[in-house]
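Overview (structure and organization)
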Amino acid sequence: MRAYGARPLLLGAALLGIVVVSALAVGESMRNARERKAVAERTVRDYAMFASYIYTTRAYLSARERSVAYDTIHPGIPWVRSALPPVTALAAIPDTTEMCGAKGKWSVYRFRLDLPSRSLTYAGTRPSPEVDAMIRDSIPILANQPWVKNAGFAYLFVEPPGGRETIAYSSALDSAGNVIAVYGYRSCYGVRDTTDYARMYRVVKVLPPMVPGYMEEDARSAYAAAREDQSGKMMGSKWPMGMPAESLLTLTITDAQNRMIFQAPKNSAKSSNYYGVAPLGFVGGSKYWVALRPNVARFLVSGGIPESRLPASLLLLAGSIVLAIAGFASLRSEIRLVNSRQRFLANVSHELRTPLQQILMFVQLLRLGRTRTETERDRSLEIIERETHRLIALSNSVLAATKPELQLRSAPVDVVNVVNTAADFFAPLAEARKMRIELDVVEPAIARGDSGAIRQILINVLDNAAKYGPIGQTITIGVRTDEKAVRLWVDDAGPGIPASESENVWKPFFRVGGTVDDSTGGAGLGLAIVRDLATAMDADARLSQTPKGGTRFTMVLHKGQNGVGP
């Protein structure tokens, strides 16, 4: 286990556990939500299916009330062929309640079809050839259907060239239950006359009492008055006696060819996600579609149809992932900080050890009188002085790196003078490494900044050039000025900086290819301090490659005017 201990590992495991538990919780929540939604939707569809069944039952009762036209042939009593009544036994207008159109424009035909001979007798007018063919071909087949025999009446919706009409018919059976004749007449029930559908839609209760929209018979007049007073608008978001049917459901009736013959409210969707359909075969092969409006679901199922929890679940999972990522990032930063601190201490210790050992060695030589000549004595003192300068420079770098904020003076600075001072300070170290410093400066060069910061920047850059450059190299310091800025640069003859590390070299504790035990030493603070100082002076510092392959450091300072900062 490394120096930072088990805490980061435990924290990382806890963060990972949070993500896993969140993912499991989100999955379980979504699964439960899907199941609850499926159950609620199935319940609402069952209500819609039941409502469609109620409507078909009521439609059957309404149609049966109109079958009194066949009372003269007694559909439920067995007949013998010789005793069958003539077609004129049917009234000339069998259904006086039908509303088929203007008087005089709707002629009624009556017929008797004998089976199995298919002998057809008409009374009154005759149908169109298309209807005649339908009576001869289809009625014999339909009349033998069990549900027609049991009901005693049936309707067939047809659409001849003159428009939709209905063939109403009833079977006469013998004692064996065989159809021996079919009586019928021209009708418009269910296709032109849809009053039963409209009445059924208004009054039939097809949903549970918990749904608003139904009233008792003695309250209907009060309800109608209230609606009239309100001019068809809701008052206080509630109807006095409940919501009207058109606010609850849509009723659509289609024929055997799926053609719509009635819809209320008009121009509504025939179906929705919550609908039911029930057939009524012997009344034109019709189907009754009931589509519940989505907002009705909350009255049928506690809480209504649950909304999808996917967005909230994903947001919860995303939040836990973001939290985990932030935690891992913080953990990584902490580990890197611990590693950087350890590396910093090791580098500083390494950097301090060499000059201190040399100072101690030459102090002992002087104290013990081991120097044989004045030249050796002066040489020892020179080395002590040089290594002391190194320690001072290193301590200044460490102190600069530990300052939370840099507060520098902004004043006119003679850059050439600062360059000369820094070169003189660094000269002993340069000579010890057999390096030469050349100055390429043009006076005057007055910039706005802090002289101590500029000097520290130059010393740090010169120190890097000395560490990474070859023995005997020439380091050039140049200064130029233009209308708005003063440009300061330092060229060395070192190996240069790889392009991949061009940004990393400005980070604290970073050293290009450096380790604690390499020959360059250093704490990795030099260029980080350089950038901080340059930024504090509103100057621009950058690194580039010299034409000969070394590294060029360039700093651009704002120019001062007439010895005064702009």
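Please read these numbers as outputs of a predicted model, since none were measured by experiment. (Residues numbered from 1 in each chain as written. Predicted model: local features only at pLDDT ≥ 70, side-chain atom pairs only at ≥ 80, totals over all residues. Heavy atoms only, no water.)

All right, on to the overall build of the protein then. On a plain count of helices and strands, the protein comes out with 12 helices and 16 strands. Nonlocal contacts in the protein, meaning residues at least 24 apart in sequence, comprise 67% of its contacts between residues at least 6 apart. Surface summary for the protein: the accessible area is close to 30,400 Å², and the carbon and sulfur share equals 56%. (Helix = DSSP H or I, 4+ residues; strand = E, 2+ residues; numbered from the N terminus. Contact = heavy atoms within 4.5 Å. Areas by Shrake-Rupley, 256 points an atom, 1.4 Å probe, with all protein chains shown as cover.)

On to unusual backbone geometry, then. The residue after Leu115, namely Pro116, is reached through a cis peptide bond having omega 10°. One can find Pro116 in the loop between strand S1 (109–114) and strand S2 (119–124). At Arg118, a position not held by glycine, the phi torsion is positive, near 65°. Among the structural elements, Arg118 can be located in the loop between S1 and S2. Arg118 gets classed as partly exposed once you look at its relative accessible area, which sits at 39%. Of note, the phi angle at Asp538 is positive, near 60°, even though the residue is not glycine. Relative to the elements of secondary structure, Asp538 occurs in the loop between helix H12 (526–536) and strand S15 (540–545). (Buried < 20%, exposed > 50% of the residue type's maximum accessible area, 1.4 Å probe, protein only.)

With that out of the way, let us pick up the nonpolar core. Membership of the largest hydrophobic core comes to 69 residues, with the highest contact counts inside it found for Tyr55, Phe111 and Ile167. Here this core gets 7 residues from one element, more than from any other, and that element is helix H1 (residues 7–65). With sequence-adjacent residues up to four places away left out, Ile167 is seen in contact with Tyr109, Phe111, Val131, Met134, Ile135, Ile139, Ala154, Tyr155, Leu156, Val158 and Tyr185. Core analysis: the second largest hydrophobic core is formed by 41 residues, Val416, Ala422, Val505 and Ala541 among them. (Core = buried A, V, L, I, M, F, W, Y, C linked by side-chain atoms within 4.5 Å.)

Turning our eyes to something else, we now look at the state of the cysteines. By definition, a disulfide links two cysteine residues through a covalent bond between their sulfur atoms. Scanning the model with the defined rule gives 1 disulfide in all. Shown here is the disulfide that connects Cys100 with Cys188, its sulfur atoms set 1.9 Å apart. Looking down the S-S bond of the Cys100 and Cys188 bridge, the torsion is -85°, so its handedness is left-handed. Of the two residues, Cys100 is situated in the loop between H1 and S1 and Cys188 in the loop between strand S5 (179–187) and helix H5 (195–203); the sequence distance between them amounts to 88 residues. (Disulfide = S-S within 2.5 Å.)

Mapped onto the fold, Ser52 is located in helix H1. Under the relative-accessibility criterion, Ser52 is labelled buried at 0%. Not counting chain neighbours up to four residues away, the residues in contact with Ser52 comprise Gly276, Val277, Ala278, Tyr288 and Val290.

It is worth spelling out the environment of Lys287 at this point. With respect to the helices and strands, Lys287 occurs in strand S9 (residues 286–292). Sequence-wise, Lys287 and Asn258 are 29 residues apart; in three dimensions their C-alpha atoms are separated by 8.1 Å. When neighbours within four sequence positions are excluded, Lys287 is seen to be in contact with Thr252, Ile253, Thr254, Val277, Ala278 and Pro279.

To continue, consider the pattern of salt bridges. Under the definition given, this model contains 16 salt bridges. Residues Arg45 and Glu41 are paired through a salt bridge, measuring 3.9 Å at the closest nitrogen-oxygen approach. Highlighted residues: Arg45 and Glu41, both in helix H1, separated by 4 residues, approximately one helical turn. Overall, Arg45 belongs to the partly exposed group, its relative accessible area being 33%. Looking at Glu41, the relative accessible area reads 17%, which means it is buried. One connected set of salt bridges, linked through shared partners, spans Arg66, Asp95, Asp193, Asp196 and Arg199. (Salt bridge = Lys/Arg side-chain N within 4 Å of Asp/Glu carboxyl O.)

Turning to a nonpolar patch on the surface, a few remarks are in order. A cluster of nonpolar side chains, contributed by Leu16, Val20 and Leu24, occupies part of the molecular surface with about 300 Å² of accessible area. A residue is classified by how much of its surface remains accessible, and Val20, at 43% relative accessible area, is partly exposed. (Patch = residues over 30% accessible without salt bridge, like charges linked within 9 Å, V, L, I, M, F, W, Y side chains within 5 Å.)

What follows deals with the pairing of S9. Counting buried positions over the 7 residues of S9 gives 6, a clear majority of the element. Summarising the sheet, strand S6 (residues 249–254) and S9 pair through 6 bridges and their orientation is antiparallel. Bridging across to S9, Thr254 finds its partner in Lys287. The pairing of strand S8 (residues 275–280) with S9 spans 6 bridges and is classified as antiparallel. Within S9, the residue paired with Pro279 across the bridge is Lys287. (Pairing = 2+ DSSP bridges.)

Glancing now at the confidence of the model for the protein. When pLDDT is averaged along the protein, the result is 78; 78% of the residues meet or exceed 70. Under a pLDDT of 50 for its full length, residues 515–521 has, in the predicted model, 15 contacts with residues more than four places off or in other chains. pLDDT under 50 marks residues 562–566. Its contacts with residues more than four places away, or in other chains, come to 9 contacts. (pLDDT = per-residue confidence, 0-100.)

All right, on to the packing of aromatic side chains then. On inspection of all chains with the given rule, the structure shows 12 aromatic pairs. For the ring pair Tyr197 and Tyr288, a centre distance of 6.2 Å and an interplane angle of 85° mean the geometry is edge-to-face. Of this pair, Tyr197 sits in helix H5 while Tyr288 sits in strand S9; the two residues are 91 residues apart in sequence, bridging distant segments of the chain. Tyr288 sits in the buried class, given a relative accessible area of 0%. An aromatic cluster is built from Tyr60, Trp147, Phe153, Tyr155, Tyr189 and Phe282, whose rings are joined through pairwise contacts. Sitting over the face of the ring of Trp106, Arg186 holds its NZ or CZ atom 3.7 Å from the ring centroid. (Phe/Tyr/Trp six-rings, centres within 6.5 Å; stacked < 30°, edge-to-face > 60°. Lys NZ or Arg CZ within 6 Å of the ring centre and 35° of its normal.)

Moving on, we come to the sheet that holds S9. Each strand in a sheet pairs with another by means of backbone hydrogen bonds, the pair being arranged parallel or else antiparallel. Taken in spatial order, the 4 strands make up an open sheet running S7-S6-S9-S8, and their pairing is antiparallel. The outermost strands of the open sheet, each flanked by one partner alone, are strand S7 (260–264) and S8. Neighbouring strand axes in the sheet, compared pairwise and without regard to direction, differ in orientation by 15° on average. Most of the contacts of H5 go to S6, to which it runs at about 155°, and overall it touches S6, S7 and S9. (Axes fitted to C-alpha atoms, helices over the stretch in contact; angles between N-to-C directions.)

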